[in-house]
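# Topology and contacts: notes
Listed below are the residues making up each chain.
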Amino acid sequence: MKKAIVVGATSGIGKQLAIVLAENNYKVGITGRRDQLLLNLQASKPESFIVSCFDVTDIGAIPKLLTQLTNDLGGLDLVVLSSGTGKINPTLDTAIEQQTNDVNVTGFTAVANWAFNFFEQQGFGHFAAITSVAAIRGSRQAPAYGASKAYQVNYLEGLRQKATKLKLPIYVTDVRPGFVDTAMAQAEQMFWVAPVEKAAKQIYTAIENRRTVVYITKRWRLVAFIFRMVPGFLYKRL
């Protein structure tokens, strides 16, 4: 039985992906801030889930807690980082932007570094992170969200390059969803909204196939291409 940790499994993509992993013979460590939601998930399949409640912004505690969870699982093959936040912020409230950066940059970095260092010492492993199509261009509606997701995309590329130089079977998957039907979806106009169950199944397939970059759902690759091609003088008017 393979062992996985899903960071951010209380709701949304993280929760559903934990369920899909458990259905496919993984033993899963589930983490998040809201302990009761984690316990509810564990109760649905007690033999498959182990709970560790913590906040990714508590970066000093992350190494110890993830190490303990790994020991409780009896090993580790996969870490999925699904913890993230972002809010529409037209007034540029600095507190909102800082909260986004605390989770999506500082917390992300702490988890990513722990996972990569663990897999390097172990000699193998797979790290996957939920980024976003929003990483491609800046956003007037949520500047910190797009910028923090761009940071994640570049950080993952750096880890991928590092794994190649080490010549170790460490795989890094960048999962870039478009709109998924979760509580965090807050855009003014949404289209091509994927059910969370469909998104989780596609992410699981991408992980199993050791994909480098995957768009969820697949049609969002077209949107990403169009975003890249729009000239700056036009994009700033959107």
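Summary of the structure given here. It should be emphasised that the depicted structure is a prediction, and the values quoted were computed from it without experimental measurement. Numbering of residues begins from 1 in every chain and follows the order in which that chain's sequence is written. For a predicted model such as this one, the threshold for reporting local features is a pLDDT of at least 70, and the threshold for listing and counting side-chain atom pairs is 80 or more; totals across whole chains, interfaces and linings nevertheless cover every residue. Only hydrogens and water are set aside; all other atoms, that is, all heavy atoms of the structure, feed into the side-chain values.

### Notes on the side chain of Ser52
- Within the secondary structure layout, Ser52 lies in strand E3 (residues 49-53).
- Judged by relative accessible area, which is 12%, Ser52 ranks as buried. Going along the chain from the N terminus, every DSSP run of H or I of four or more residues is numbered as a helix, and every run of E of two or more is numbered as a strand. Each residue is placed in one exposure class: buried if its accessible area under a 1.4 Å probe, protein chains only, is under 20% of its type's maximum, exposed if it is over 50%, and partly exposed if it falls in between.

### Quick look at helix H1 (residues 12-23)
- Working rule for helices: expected span equals 1.5 Å times residues minus one. For H1, which comprises twelve residues, the first-to-last C-alpha distance of 17 Å matches the rise-based estimate of 16 Å (1.5 Å per residue) to within 8%.
- Considered for burial, the residues of H1 that qualify are Ile13, Gly14, Gln16, Leu17, Ala18, Val20, Leu21 and Ala22.
- At the exit of H1 stands Asn25, carrying a positive phi of roughly 70 degrees.

### Digging into the sheet that holds strand E1 (residues 2-7)
- Two strands make a pair as long as DSSP finds a minimum of two bridges between them. Read from one edge of the open sheet, seven strands run E3-E2-E1-E4-E5-E6-E7, paired in parallel fashion. Because the sheet does not close on itself, it has two edges, and the strands there are E3 and strand E7 (213-216). The average undirected angle you get between the axes of adjacent strands in this sheet is 20 degrees.
- When checking whether two residues touch, look at their non-hydrogen atoms; a contact exists if any pair is within 4.5 Å. Axis lines are fitted through C-alpha atoms, for helices just across the contact stretch, and the angle between N-to-C directions can take any value from 0 to 180 degrees. Running at roughly 165 degrees to strand E2 (residues 26-32), H1 makes contact with E1, E2, E3, strand E4 (78-81), strand E5 (125-130) and strand E6 (170-177) of the sheet.
- Docked against the sheet, helix H7 (residues 220-229) engages E6 and E7, running at close to 105 degrees with respect to E7.

### Here we look at the pattern of salt bridges
- We define a salt bridge as a side-chain nitrogen of Lys or Arg found within 4 Å of a carboxyl oxygen belonging to Asp or Glu. Counting across every chain of the model gives one salt bridge.
- With a shortest N-O distance of 2.9 Å, Asp174 and Arg176 are connected by a salt bridge.
- Under the relative-accessibility criterion, Asp174 is labelled buried at 1%.
- Arg176 sits in the buried class, given a relative accessible area of 10%.

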